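This is what each chain is made of:
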Amino acid sequence: EGDKKILFKGEFVLEGTNFKLFNALLENHRAGKKNGSEVAFVLASDLADVLDIDEPSLRQQVGRIRKSVNERLAIDLGIVFGTDDFIENKQRKGYRLNPSLREVLKADLQPPN
């Protein structure tokens, strides 16, 4: 978080506006995992406000980050995501990180010496 980057195995990085979007969804993801409860959705209007953009721009940003992640993980790791496998959205509920995603420490992404 301090570097404002999200790292993936294979050296793929989310930063800038993609980091902001991911980070805005991360709090609910962590809370749900920590409590063993459902990961809560963030209303599109609330997420747009946090990112200081309008809802149509939010939808475009979600589409761009999904495409970027899907393309890079398919190339780097052979992982092919469906539409909601990274960022889910549900009508009238909003967006969330897919509950099956796991957060690991940066050190866990590095090969052992």
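Each remark here, short or long, concerns the structure printed above.
Keep in mind that this is a model prediction, so the values were computed, not measured.

Colleague: I tried to follow the pairing of strand β3 (residues 87–90) on my own but got confused; where do I start?
Modeller: Each regular strand displays side chains that alternate between the two surfaces of the sheet. As paired strands, β3 and strand β4 (residues 94–97) are joined by four bridges and run antiparallel to one another. Across the sheet, the residue bridging to Lys-90 is Gly-94, located in β4. Hairpin connection from β3 to β4: three residues lie between these consecutive antiparallel strands, with Arg-92 at a positive phi of about 70 degrees.

Colleague: Is there a simple way to explain the pattern of salt bridges in this structure?
Modeller: Where charged atoms of side chains with opposite charge meet at close range, the side chains can pair. By the definition in use, this model includes six salt bridges. Two residues, Arg-66 and Asp-84, come together in a salt bridge whose shortest N-O distance is 3.0 Å. Note that Arg-66 is positioned in helix α3 (residues 55–77) and Asp-84 in the loop between α3 and β3, a separation of 18 residues in sequence. Two residues, Arg-96 and Glu-88, come together in a salt bridge whose shortest N-O distance is 2.4 Å. The two residues Arg-96 and Glu-88 agree in class, both being buried.

Colleague: What exactly am I supposed to notice about the side chain of Asn-18 here?
Modeller: Relative to the helices and strands, Asn-18 is located in helix α1 (residues 17–35). A relative accessible area of 17% means that Asn-18 is categorised as buried. With near-sequence residues (within four places) excluded, Asn-18 lies in contact with Gln-61 and Ile-65.

Colleague: Sorry if this is basic, but what is going on with the environment of Arg-92 here?
Modeller: Among the secondary structure elements, Arg-92 is positioned in the loop between β3 and β4. Spatially, the C-alpha atoms of Arg-92 and Ala-44 are 8.3 Å apart, while their sequence positions differ by 48 residues.

Colleague: It is not clear to me how the packing of aromatic side chains should be interpreted in this structure. Could you clarify?
Modeller: By convention here, two paired aromatic rings are described through the distance between centres and the angle between planes. All told, the structure shown has four aromatic pairs when counted by the stated rule. With 6.2 Å between their ring centres and 50 degrees between their planes, Phe-8 and Phe-86 make a pair best called tilted. Taken together, the residues Phe-8 in the loop between β1 (5–7) and β2 (13–15) and Phe-86 in the loop between α3 and β3 connect sequence positions 78 residues apart. Overall, Phe-8 belongs to the buried group, its relative accessible area being 15%. On the basis of relative accessible area, Phe-86 is assigned to the buried category, the value being 1%. Between Phe-81 and Phe-86 the ring centres are 6.4 Å apart and the planes differ by 20 degrees, which places this aromatic pair in the stacked class. The rings of Phe-8, Phe-12, Phe-22, Phe-81 and Phe-86 are connected pair by pair, giving a single aromatic cluster.

Colleague: Sorry if this is basic, but what is going on with the packing of α1 against helix α2 (residues 44–51) here?
Modeller: Helix packing for two helices is described by the angle between their axes and how far apart those axes are. For the pair α1 and α2, interaxial distance at closest approach is 10 Å and the crossing angle is 130 degrees. Taken together, the axis directions place α1 and α2 in an arrangement best described as oblique. The element α1 and its partner α2 pack so that their crossing is right-handed. For the pair α1 and α2, contact is made by Lys-20, Leu-21, Ala-24 and Leu-25 and by Leu-47, Val-50 and Leu-51, respectively. Here the residues of the contact of α1 with α2 sort into six nonpolar, no polar and one charged.

Criteria and thresholds
- Residues numbered from 1 in each chain as written.
- Predicted model: local features only at pLDDT ≥ 70, side-chain atom pairs only at ≥ 80, totals over all residues.
- Heavy atoms only, no water.
- Pairing = 2+ DSSP bridges.
- Helix = DSSP H or I, 4+ residues; strand = E, 2+ residues; numbered from the N terminus.
- Salt bridge = Lys/Arg side-chain N within 4 Å of Asp/Glu carboxyl O.
- Buried < 20%, exposed > 50% of the residue type's maximum accessible area, 1.4 Å probe, protein only.
- Contact = heavy atoms within 4.5 Å.
- Phe/Tyr/Trp six-rings, centres within 6.5 Å; stacked < 30°, edge-to-face > 60°.
- Axes fitted to C-alpha atoms, helices over the stretch in contact; angles between N-to-C directions.
- Parallel < 35°, antiparallel > 145°, perpendicular 65-115°, else oblique.
- Left-handed = near helix turned anticlockwise from the far one by under 90°.
- Nonpolar A, V, L, I, M, F, W, Y, C, P; charged D, E, K, R; others polar.

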